[in-house]
Amino acid sequence: MTAATSGPVPVVVVGAGGMGRAWIGTVLGNEAAQLVGVADVIEGAAQKAVAEVVPEERRAGIVTGTDALEVARRSGAEAVIDVTIPAAHHPVTADALHAGYPVLGEKPCAATLAEAVSLAGHSEATGLLFMVSQSRRNNPHLHEARRLADELGGVGIVDTRFARAPRFGGFRDEMEQPLIVDMAIHAFDAGRVLIDGVPESVTATSYNPSWSWYAGDAAATVSITYESGAVHTFSGSWCSPGIETSWNGDWVLSCEGGGVRWDGETPPTAHPAGADEVLGRTPGPEARWELDASLTDFCAALRGGLVSDSEVHANVWTQAIVEAAVRSAETGSRVVLAELLDEALEQAAALDAADGRSGALLAWKTGVSGLLAG
Ligand SMILES: NC(=O)c1ccc[n+]([C@@H]2O[C@H](COP(=O)([O-])OP(=O)(O)OC[C@H]3O[C@@H](n4cnc5c(N)ncnc54)[C@H](O)[C@@H]3O)[C@@H](O)[C@H]2O)c1
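Residues numbered from 1 in each chain as written. Predicted model: local features only at pLDDT ≥ 70, side-chain atom pairs only at ≥ 80, totals over all residues. Heavy atoms only, no water.

Enquirer: Please provide a residue-by-residue account of the overall build of the protein, values included.
Expert: Tallying secondary structure elements over the protein gives 11 helices and 15 strands in all. The C-alpha atoms of the protein give 21 Å as radius of gyration, which agrees with the globular expectation for 374 residues (21 Å, within 12%). Seen through its principal axes, the protein has C-alpha atoms that stretch 60 × 45 × 45 Å. By residue count, 54% of the 374 residues in the protein fall in the buried class. Entry remark: accessible area of the protein is about 15,600 Å², with carbon and sulfur atoms responsible for 53%. Each charge class in the protein can be summarised by its mean position, and for the 24 positive and 48 negative side chains these summaries are 4 Å apart. (Helix = DSSP H or I, 4+ residues; strand = E, 2+ residues; numbered from the N terminus. Rg over C-alpha atoms; globule rule 2.2 N^0.38 Å. Buried < 20%, exposed > 50% of the residue type's maximum accessible area, 1.4 Å probe, protein only. Areas by Shrake-Rupley, 256 points an atom, 1.4 Å probe, with all protein chains shown as cover. Lys, Arg positive; Asp, Glu negative; His and termini not counted. Charge placed at Lys NZ, Arg CZ, Asp CG, Glu CD.)

Okay, here's the thing in structure tokens:
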């Protein structure tokens, strides 16, 4: 496979479930990419998704099949979008990288922190870009909140309150930590847009209200301390009917010169101490949102542009916060990320040794130094 230097990036979407369909639609609507193939392990699933999502006049030439790499080769793809289930992220992404395809993967980076660290190593070993699409960080209102906070001296305290009452059915109802693992990951990642530097430790409590329809803990309070001393506190529930927040949650940012509020849906407002409220800017029509923004950044990087802040090494911190929150909730103790990352590095190196394709992690002195150098 030889990468072109200009023009739309031909991509294969791997995983044709609910989110795979959203990605197919996103690729079709983005001029930086071209849909050339769709793959799914379930026989007929890729063809079905193409028939349902791609307009008839654009279907010709889209290759489908059950083997992602075979579809990528036959279709002349230059890159892979991995929208499989989390348990398949590690094999699908590692195989694509070693076959010469840069990867844009859906969140989470992988099923475990160790697998995520391993994928950072596979990206180093192949020299190819692996970027994680953490779509909710691509929200222009969130970046406007950051700008307003910077004008007030920079944020020191971030509070997120999240309350919804969805009846999903399916795997979320059975997970041990549905809120932290499947939803709060977005808020943790968005917090990293607002606070500079790396997170240092996490303390969490999780619980399940008596009326909950989830088997695992549908509510949690998580406190993330950054090296700078800034703290992000998340308090959320997936079974709180009545007074619900937006899907992004309600945000209050505290800075030396005042505060910023964001309801997760409309432009944020700044509240300078002793002065009138300032309404944040409304994004223009040129603004890129969510999946579309991830895809635009990914294609731009492949065409020689800047590598996005969701490149795998940077994204692993978000997964580390999730895993630390789960461990803290289970043990009742504060979890130090440097220690958790060292543990993950050891497990990832063992995974890679068994796999035999990447020795990149052997050069990492610690989990933290490897992520920061990458
Ligand atoms: N960004 C968001 O807001 C958001 C929302 C929902 C889901 N997601 C993420 O998107 C991903 C997919 O979620 P979903 O809801 O579409 O799941 P899904 O179960 O609906 O679809 C996943 C598909 O992947 C296929 N698959 C599994 N293993 C595969 C393999 N090895 N090769 C090819 N195909 C394989 C399955 O057959 C299935 O069709 C997950 O990582 C999930 O966390 C993100």
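Enquirer: Now, about helix H8 (residues 290-302): what can you tell me, with residues and values included?
Expert: Given a rise of 1.5 Å per residue, 13 residues ought to cover 18 Å, and the 19 Å separating the end C-alpha atoms of H8 matches this to within 8%. Three or more residues of H8 are buried, namely Leu291, Ala293, Ser294, Leu295, Thr296, Phe298, Cys299 and Ala301. A positive phi of about 100° marks glycine 304, the residue just after H8. (Expected span 1.5 Å × (residues − 1).)

Enquirer: With reference to specific residues and values, describe the environment of alanine 184.
Expert: Within the fold, alanine 184 resides in helix H7 (residues 178-194). On the basis of relative accessibility, which here comes to 0%, the residue alanine 184 falls in the buried class. Setting aside residues up to four positions removed in sequence, alanine 184 forms contacts with Leu179 and Phe234. (Contact = heavy atoms within 4.5 Å.)

Enquirer: Explain the site of the ligand residue by residue, including any values.
Expert: Contacts to the ligand come from 22 residues, most closely from Gly18, Met19, Asp40, His89 and Lys107. A distance of 2.7 Å is found between an oxygen atom of the ligand and a backbone nitrogen or oxygen belonging to methionine 19. Lysine 107 places a main-chain nitrogen or oxygen 2.9 Å from an oxygen atom of the ligand. A total of 850 Å² of accessible area belongs to the ligand in isolation, and the protein chains cover 76% of it. Mapped by element, the contributors of at least two residues to the shell around the ligand are helix H1 (18-28) and helix H4 (86-98). The residue inventory of the shell around the ligand, partitioned by class, reads 11 nonpolar, 8 polar and 3 charged. (Near = heavy atom within 4 Å. Polar contact = N/O pair within 3.5 Å; in protein donor to acceptor, adjacent residues only side chain to side chain. Nonpolar A, V, L, I, M, F, W, Y, C, P; charged D, E, K, R; others polar.)

Enquirer: Please set out the domain arrangement of the protein residue by residue, giving values where relevant.
Expert: Here the domain parsing of the protein yields domain 1 (9-136 + 290-313) and domain 2 (139-279). Averaged C-alpha coordinates put domain 1 and domain 2 at centres separated by 28 Å. Domain 1 puts 5 residues into the contact, and the matching count from domain 2 is 9 residues. For the domain 1 and domain 2 pair, buried surface summed over both sides reaches about 770 Å², with 45% attributable to carbon and sulfur atoms. (Domains from an automatic or database assignment. Buried area = accessible area lost by both parts, 1.4 Å probe.)

Enquirer: Describe the UniProt feature "domain: GFO/IDH/MocA-like oxidoreductase" (unreviewed entry) in the protein, with residues and values.
Expert: When the UniProt feature table is mapped onto this chain, "domain: GFO/IDH/MocA-like oxidoreductase" (unreviewed entry) is found at residues 151-244. In residues 151-244, helix accounts for 19% and strand for 35%; the two terminal C-alpha atoms are 30 Å from one another. (UniProt positions renumbered as here; feature names shortened; annotations may be inferred.)

Enquirer: Go over the pairing of strand E2 (residues 33-39), please, and point to the residues and values.
Expert: Summarising burial for E2: 6 of the 7 residues are buried, a large majority. Where strand E1 (residues 9-14) meets E2, 6 bridges bridge the pair, whose relative direction is parallel. Each residue of the ladder has a partner; that of valine 9, found in E2, is alanine 33. The pairing of E2 with strand E3 (residues 63-65) spans 3 bridges and is classified as parallel. (Pairing = 2+ DSSP bridges.)

Enquirer: Before we move on, can you summarise the sheet that holds strand E6 (residues 130-133) with the specific residues and values?
Expert: In spatial order, the strands read E3-E2-E1-E4-E5-E6; together these 6 strands make up an open sheet with parallel pairing. Edge positions in the open sheet fall to E3 and E6, since each of these has one partner strand only. On average, each strand axis in the sheet is tilted by 25° relative to the strand beside it, whichever way the strands run. As judged from the 3 bridges shared by strand E4 (residues 79-82) and strand E5 (residues 103-106), these two strands associate in the parallel manner. The residue of E5 that forms the bridge with isoleucine 81 is leucine 104. Lying over the sheet, H1 contacts E1, E2, E4, E5 and E6, oriented at roughly 150° with respect to E2. (Axes fitted to C-alpha atoms, helices over the stretch in contact; angles between N-to-C directions.)

Enquirer: Any details on the packing of aromatic side chains? Residues and values, ideally.
Expert: Evaluated as defined, the whole model comprises 7 aromatic pairs. Here tryptophan 251 and tryptophan 262 contribute two aromatic rings whose centre-to-centre distance is 6.3 Å and whose plane-to-plane angle is 35°, an arrangement assigned as tilted. Residue tryptophan 251 is found in strand E11 (residues 250-255), and its partner tryptophan 262 is found in strand E12 (residues 258-262); the two are separated by 11 residues along the sequence. Judged by its relative accessible area of 5%, tryptophan 262 is buried. Aromatic ring contacts, followed pair by pair, group Phe162, Phe168, Trp213, Tyr214, Trp238 and Trp247 into a single cluster. (Phe/Tyr/Trp six-rings, centres within 6.5 Å; stacked < 30°, edge-to-face > 60°.)

Enquirer: Please set out the pairing of strand E10 (residues 231-237) residue by residue, giving values where relevant.
Expert: The pairing of strand E7 (residues 155-163) with E10 spans 7 bridges and is parallel. When the sheet's bridge partners are listed, threonine 160 is paired in E10 with phenylalanine 234. Here strand E9 (residues 219-226) runs beside E10; their pairing, made up of 7 bridges, is antiparallel. What sits directly across from valine 222, in E10, is phenylalanine 234. Between the antiparallel neighbours E9 and E10 lie 4 residues, among them glycine 229 with a positive phi of about 100°.

Enquirer: Just give me the short version of unusual backbone geometry, but keep the residues and values in it.
Expert: The omega torsion of the bond from lysine 107 to proline 108 falls at -10°, within 30 degrees of zero and hence cis. Position of proline 108 among the secondary structure elements: in the loop between E5 and helix H5 (113-126). Positive phi is not limited to glycine here, since glutamate 290 has a value of about 45°. Along the polypeptide, glutamate 290 turns up in helix H8.

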